[in-house]
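# Residue-level structural notes
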Amino acid sequence: SKMEQYNLEGLPLLCDAPVPKLLTVDEFEEETLQSGTVVVDTREPGAFASSHIPSSLNIWLDGLSFFPGWILEYDQRILLIMERQEDIKTAKAYLWRLGFDSIMGYLCSGMKEWRNRGKPVERLGVLSPTTLKEMLDCDEITLVDVREEIEWEEGHVEGSKNIYVGYLKGKANQLLREKPIATMCEWGGRGGLAASILKKMGFHNVYNVLGGMRAWRELQYSVKSE
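Note that the coordinates shown come from a computational prediction; the quantities given were computed from them, not determined experimentally. (Residues numbered from 1 in each chain as written. Predicted model: local features only at pLDDT ≥ 70, side-chain atom pairs only at ≥ 80, totals over all residues. Heavy atoms only, no water.)

## Some details on the sheet that holds strand β6 (residues 125-127)
Strand order in this open sheet of five strands is β6-β10-β9-β7-β8, and the pairing throughout is parallel. Since the sheet does not close on itself, it has two edges, and those belong to β6 and β8 (161-162), each with one partner. Where strand β7 (residues 142-145) and β8 come together, two bridges link them in parallel fashion. In the sheet register, D145 faces β8, and the bridge partner there is N162. (Pairing = 2+ DSSP bridges. Helix = DSSP H or I, 4+ residues; strand = E, 2+ residues; numbered from the N terminus.)

Have a look at this one:
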């Protein structure tokens, strides 16, 4: 819908867009306190799970070419966590192409220095397909498959609930907060994003299934088709 608006009315000039700044830990933390700010962590889901800034969203670097349009608001101030400093060029290009111009800065020393300075961090639970299967067999967890509907129909874990990651924020009220929730996609990227969305919304007992359906099939576990 935003692209339609830009096509009809014209694009804002990128020369007026703020150039992402290389921020120190203290500068980055100060920016996070500004109203309307969102932290986007572009690291791989396993790295994000081990430690991340509270309330940050995990959109891996290549995912920035598509998923911000589903997840972010156009009036938000964006702060980035990068795996490598040179990744900012790719991240900026992806976000600008989607119309997200308000990239305020990125953390120059990454999560390592943030942790070393004693700044607040959170962890995200992860599951292997084997552990997930054991928990499903005992009805100990809700499995949310966050792939597109056509992917789910072609093959999914029996008993899983299909909510596409782009719709998850609006449909999260369908999920019980009292029961652990696992998010699952094809390999773990969308699952990590989905889990970070739920964490940001106050769901505490959330897990991402690393390896996703790809690993589930590799182990020759049962797959159901519609």
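## Some details on the side chain of S51
Inspection of the secondary structure puts S51 in the loop between α3 (45-50) and β3 (57-58). Look at S51 and you get buried, because its relative accessible area is 6%. Discounting residues that sit within four places of it in the chain, S51 has contacts with R43, M111, R115, V121 and E122. (Buried < 20%, exposed > 50% of the residue type's maximum accessible area, 1.4 Å probe, protein only. Contact = heavy atoms within 4.5 Å.)

## Considerations on the pairing of strand β10 (residues 206-209)
Here β6 runs beside β10; their pairing, made up of three bridges, is parallel. When the bridges of β10 are listed, V126 appears paired with N208. Bridge count for strand β9 (residues 181-184) against β10 is three bridges, and the pairing is parallel. In the strand pairing of β10, A182 is matched with Y207. The β-α-β motif built from β9, the intervening helix α10 (residues 189-200) and the parallel element β10 has right-handed crossover chirality. (Right-handed = clockwise from strand over helix to strand, strands pointing away.)

## As for the environment of L127
Mapped onto the fold, L127 is located in strand β6. What makes L127 buried here is its relative accessible area of 9%. Residues L127 and K199, 72 residues apart in the sequence, show an inter-C-alpha distance of 16 Å. If we ignore the near neighbours within four places in the chain, the residues touching L127 are L132, M135, I141, A182, Y207, N208, V209 and L210.

## Remarks on the environment of K161
Relative to the helices and strands, K161 is located in strand β8. Through-space distance from the C-alpha of K161 to that of S65 is 26 Å; in sequence the pair is 96 residues apart. Contacts of K161, omitting those with residues within four sequence positions, involve L143, V144, D145, Q174 and L175.

## Overview of helix α7 (residues 129-137)
For α7, the full list of buried residues reads P129, L132 and M135. Along the axis of α7, the buried positions cluster into a sector of 125°, meaning they face one direction only. Residues of α7 that are buried make contact with β6, β7, β9, β10 and α11 (212-218). At the exit of α7 stands D139, carrying a positive phi of roughly 55°. (Arc of directions from axis to C-beta.)

## Let's talk about a negative patch on the surface
On the surface, E149, E153, E154 and E226 cluster together into a negatively charged patch. With respect to the helices and strands, the residue E153 is situated in helix α8 (residues 149-154). (Patch = residues over 30% accessible without salt bridge, like charges linked within 9 Å, V, L, I, M, F, W, Y side chains within 5 Å. Areas by Shrake-Rupley, 256 points an atom, 1.4 Å probe, with all protein chains shown as cover. Salt bridge = Lys/Arg side-chain N within 4 Å of Asp/Glu carboxyl O. Lys, Arg positive; Asp, Glu negative; His and termini not counted. Charge placed at Lys NZ, Arg CZ, Asp CG, Glu CD.)

## Digging into the nonpolar core
Of all hydrophobic cores here, the largest spans 40 residues; its most connected members are L72, L80, V165, L175 and L198. Taken together, the elements giving at least two residues each to this core come down to β2 (37-41), α3, β4 (77-81), α5 (87-97), β5 (103-107) and α10. Counting residues per element, this core draws most heavily on α10, which supplies five residues. The contacts of V165, once residues within four sequence positions are left out, are F67, I71, V146, R190, L193, A194 and I197. Formed by twelve residues, the second largest nonpolar core is a distinct cluster that contains L132, M135, A182 and W216. (Core = buried A, V, L, I, M, F, W, Y, C linked by side-chain atoms within 4.5 Å.)

## Regarding the packing of aromatic side chains
Applying the stated rule across the entire model yields nine aromatic pairs. Aromatic pair F28 and W114: ring centres 6.0 Å apart, planes at 85°, arrangement edge-to-face. Separated by 86 residues along the polypeptide, F28 in helix α2 (residues 25-32) and W114 in helix α6 (residues 110-116) bring together distant segments of the chain. With respect to class, F28 is no different from W114; both count as buried. Judged by centre distance (5.3 Å) and plane angle (85°), the ring pair of W70 and Y167 falls under edge-to-face. (Phe/Tyr/Trp six-rings, centres within 6.5 Å; stacked < 30°, edge-to-face > 60°.)

Honestly, that's just the spatial picture; any functional story needs more than this.
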